[in-house]
Amino acid sequence: MGFTYLDWSIVAIYLAASVAVGLLGKRFIGKNVSHYLVAGRELGLYIGIATLAATEIGTITFMYNAELGYRYGFSAFSAALISGLAMIIVGRTGFVIRRFREMQLMTVPEYFERKYSLGLRLLTGILVALGGILNMGVFLRIEGEFLTIVSGIPGRYLVLTMTVILLLEVLYTVVGGMVSVVITDFLQYVLLSVATILVSIYAVHYAGWNHIVDKVSSTMNVAGFNPLVNPKFGLTFVIWQLLLWFSLHTCWQTTAMRMFSTRSPEISRKVMTWTGFIYLGRGMLPMLWGIAALTLFGAGPMDRGVPSPVVNGRTLKSLDAMPAMLSQILHPGIKGIVVAGMLAATMSVNSSYLLGWSSIISQDVVLPMRRLLQKQPLSSRAQIVVNRVANLFVSLFLMFWGLYYTPPGAVYLYLNVTGTIFLAGAFVCVAGGLYWRRANTVGGYSAMLMGAAGAIVPFFFLHWNETIAGFAAFGLAAVGLVVGSVLGRPQNAPLMSVKGTTT
Amino acid sequence: MRAWQIFWSVSLLVAGCSFAFITVVVAIRGFEDLQDLFRRLHHQQDQDE
């Protein structure tokens, strides 16, 4: 079933509405950098849930989760379960996020100056920006693959299509900052959720629940259900994922920005708790689509233990099985709604990530450098200008990196490892800094550097698997903080606001 | 294997129902929140000026 005029009309209406609504945000920005970066810290519970969920649910999320489901069956659900449960625990306990919100931060590295030193804030800012932008670097290509397969746009227009979408996102993000992102996130969250529910119903209806279970059973046997005996998962994977998701929910800039933007620490906890339940569906539902695609189209030659998808006589990659399935089973009109929903997911993630990483560059790289060089502090308006320029710079990088780099192995695991470059050290420094009096600057530097080395060296140079790289990063970061703090001089830095960066 | 099948089936049901329920609630109540956000930001702007 091709993409009809009705489908194109639905997509065009969504794009126009999204950009128009996004541009509304400019009216509320004024000259205040806290309006631009954290929406004046005025987010309520429901809009907080919408923006946090929309930020962390993109087409890329659907693609990598569906790929995991296709390759590893129901065992993949363990990753979704861990992510959701970790979020609910963080929300219920207020672990890290309550203290962060009380400190009125705007970025995660800002904490490093309050607790440790300006230099460590700068180092963390550089690592966060590097890991975050590399992480986001693969989004465009994969989102483009989804759109071309489902809508039938010829592959030669992929670059043009993704460039146009990126430019639309940049337009309202640069103009209206966090307020624009929050307004569009609300619209996008509703649309992407409707698309998610529709696709789940279609997938189960066409593949059939019993067939789905039988296919996993016949293809993978017990490894398709029990993650502890699946060679890709196992106990080490579960522990690494627990560490990773606790650090993601507390120290990932785009998630943390939502916590900083809420009206109070209590609301930030509630937003995190309820979004945790959404996270269960965010992982498991697309994984189910992947398993349905395996059931319907998994009939090709074996590739790493599972049959490759074959659609209309063409053998595809496992990553492309889910969009190929959608192109076959969705009816006209529904397909338009689903593609608009996926575009909504794409735009909400990309705009939030653009703002998140550009805010790190402006607040935690440019501003600390100016202070180290003993230059005058920037005014609020100048900080907004720097952020906008950084936003454009990140977009340009994404255009080139995203469209020409292909990640090795499963996308989910690539994203996990690039995130771990800074998350391991950042999480250890934040948790240690907040809950261990002895943590000091020497320990902080050691943790950040050893955590980054623990992720980069094993994965990119030694080509060890992702689980070992993840373990190495968190383990080395923890050792770095403890040993460095014990060897270094004790310090009692007051957690006060940093002049010129907090409102 | 049977126990894992049941466990994942129940987990999927809980995940799907929570996702749908929260979507409906957020879609309805989020709009009020958004209007409140605009009011508060206007108020902050007035105070800034």
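Residues numbered from 1 in each chain as written. Chains lettered and ligands numbered in written order. Predicted model: local features only at pLDDT ≥ 70, side-chain atom pairs only at ≥ 80, totals over all residues. Heavy atoms only, no water.

**Observations regarding the packing of aromatic side chains**
Then, number 1: For the coordinates displayed, the defined rule picks out 27 aromatic pairs over all chains.
Then, number 2: A ring pair is formed by A:Phe95 and A:Phe427, whose centres lie 6.2 Å apart and whose planes are at 75 degrees; its orientation type is edge-to-face. Separated by 332 residues along the polypeptide, A:Phe95 in the loop between α5 (77-93) and α6 (97-102) and A:Phe427 in helix α18 (residues 411-435) bring together distant segments of the chain.
Then, number 3: Arranged with centres 5.7 Å apart and planes meeting at 40 degrees, the rings of A:Trp274 and A:Phe277 form a pair that is tilted. Highlighted residues: A:Trp274 and A:Phe277, both in helix α14 (residues 265-297), separated by three residues, approximately one helical turn.
Then, number 4: Taking relative accessible area as the criterion, A:Trp274 reaches 40% and is therefore assigned partly exposed.
Then, number 5: Three or more aromatic residues joined by ring pairs form one cluster here, namely A:Phe74, A:Phe77, A:Trp209, A:Phe225, B:Trp4, B:Phe7 and B:Trp8.
Then, number 6: Over the ring of A:Tyr279 we find A:Arg282; its NZ or CZ atom is 4.4 Å from the centre of that ring. (Phe/Tyr/Trp six-rings, centres within 6.5 Å; stacked < 30°, edge-to-face > 60°. Helix = DSSP H or I, 4+ residues; strand = E, 2+ residues; numbered from the N terminus. Buried < 20%, exposed > 50% of the residue type's maximum accessible area, 1.4 Å probe, protein only. Lys NZ or Arg CZ within 6 Å of the ring centre and 35° of its normal.)

**Focus: the confidence of the model for chain A**
Then, number 1: Per-residue confidence for chain A averages 88 on the pLDDT scale, and 96% of its residues sit at or above 70.
Then, number 2: Throughout residues 496-503 of chain A the model reports pLDDT below 50, and contacts reaching past four residues in sequence, or to other chains, amount to 21 contacts. (pLDDT = per-residue confidence, 0-100. Contact = heavy atoms within 4.5 Å.)

**Comments concerning the packing of α5(A) against α14(A)**
All names here are of chain A.
Then, number 1: Orientation of α5 relative to α14, taken along the N-to-C sense of each, is 175 degrees, at an axis distance of 7 Å. It follows that α5 is roughly antiparallel to α14 by the angle criterion.
Then, number 2: Here the residues of the contact of α5 with α14 are counted per class, giving 16 nonpolar, eight polar and two charged. (Axes fitted to C-alpha atoms, helices over the stretch in contact; angles between N-to-C directions. Parallel < 35°, antiparallel > 145°, perpendicular 65-115°, else oblique. Nonpolar A, V, L, I, M, F, W, Y, C, P; charged D, E, K, R; others polar.)

**Regarding helix α19 (residues 441-461) of chain A**
Residues and elements named next belong to chain A.
Then, number 1: Compared with an ideal rise of 1.5 Å per residue, which puts 21 residues at 30 Å, α19 spans 29 Å between its outermost C-alpha atoms and is within 8% of the ideal.
Then, number 2: Turning to α19, the residues buried within the fold contact α7 (108-115), α8 (118-136), α18 and α20 (466-487).
Then, number 3: For α19, the N-terminal cap is Asn-440; the gap from its side-chain oxygen to the backbone nitrogen of Val-442 is 3.3 Å.
Then, number 4: Two residues or fewer after α19 comes His-463, characterised by a positive phi angle close to 55 degrees. (Expected span 1.5 Å × (residues − 1). Polar contact = N/O pair within 3.5 Å; in protein donor to acceptor, adjacent residues only side chain to side chain.)

**Here we look at the pattern of salt bridges**
Then, number 1: For the structure shown, the criterion picks out 16 salt bridges over all chains.
Then, number 2: Note that A:Arg98 is salt-bridged to A:Glu102, the shortest N-O span being 2.9 Å. Here A:Glu102 and A:Arg98 lie together in helix α6, a separation of four residues that amounts to about one turn.
Then, number 3: Between A:Arg263 and B:Asp36 there is a salt bridge, with the nearest N and O atoms lying 3.1 Å from each other. Taken as a pair, A:Arg263 in the loop between α13 (253-261) and α14 and B:Asp36 in helix α1 (residues 2-48) lie in two separate chains rather than in one.
Then, number 4: Residue A:Arg263 is classed as partly exposed on the basis of its relative accessible area, which comes to 25%.
Then, number 5: A relative accessible area of 19% places B:Asp36 in the buried class.
Then, number 6: What emerges from the salt-bridge pattern is a single network uniting A:Glu42, A:Arg263, B:Asp36, B:Arg39 and B:Arg40. (Salt bridge = Lys/Arg side-chain N within 4 Å of Asp/Glu carboxyl O.)

**Here's the deal with the interface of chain B and chain A**
Then, number 1: Chain B puts 32 residues into the contact, and the matching count from chain A is 48 residues.
Then, number 2: Of the roughly 3,600 Å² buried between chain B and chain A on both sides combined, carbon and sulfur atoms contribute 76%.
Then, number 3: Per-residue buried area on chain B facing chain A is highest for B:Trp8, B:Leu12 and B:Phe19; these three make up 21% of the total on that side.
Then, number 4: Here chain B and chain A share eight residue pairs in polar contact (both at pLDDT 80 or more) between them.
Then, number 5: Looking at the side of chain B that touches chain A residue by residue, the classes come out as 17 nonpolar, 10 polar and five charged. (Buried area = accessible area lost by both parts, 1.4 Å probe.)

**Thoughts on the packing of α7(A) against α18(A)**
All names here are of chain A.
Then, number 1: α18 packs onto α7 with a crossing angle of 45 degrees between their chain directions and a minimal axis gap of 11 Å. Taken together, the axis directions place α7 and α18 in an arrangement best described as oblique. Two packed elements cross with a definite hand, and for α7 against α18 that hand is left-handed. From α7, Tyr-111, Phe-112 and Lys-115 reach across to α18, where they touch Ala-426, Cys-429, Val-430, Gly-433 and Leu-434. (Left-handed = near helix turned anticlockwise from the far one by under 90°.)

**Remarks on unusual backbone geometry**
All names here are of chain A.
Then, number 1: Here the phi dihedral of Gln-104 falls at roughly 55 degrees; this positive angle occurs in a residue that is not glycine.
Then, number 2: Since its relative accessible area comes to 35%, Gln-104 is described here as partly exposed.
Then, number 3: We note that Arg-304 has phi near 50 degrees; this positive angle belongs to a residue other than glycine.
Then, number 4: In this fold, Arg-304 is placed in the loop between β1 (298-303) and β2 (306-311).

**Details of the environment of A:Asp320**
Residues and elements named next belong to chain A.
Then, number 1: For Asp-320, the position within the fold is in the loop between β3 (314-315) and α15 (321-329).
Then, number 2: Take Asp-320: its relative accessible area is 8%, and that puts it in the buried class.
Then, number 3: Along the chain, Asp-320 and Ala-66 lie 254 residues apart, while their C-alpha atoms are 9.0 Å from each other.
Then, number 4: Once residues within four sequence positions are removed from consideration, Asp-320 is found in contact with Met-63, Glu-145 and Ile-149.

**Side note on the environment of A:Leu413**
Then, number 1: Its place among the elements puts A:Leu413 in helix α18.
Then, number 2: With sequence-adjacent residues up to four places away left out, A:Leu413 is seen in contact with A:Lys232, A:Phe237, A:Trp240 and A:Glu466.

**Let's talk about the confidence of the model for chain B**
Then, number 1: When pLDDT is averaged across chain B, the result is 91; 98% of the residues are at 70 or more.
Then, number 2: Per the prediction output, this complex has pTM 0.89; the corresponding ipTM is 0.93.

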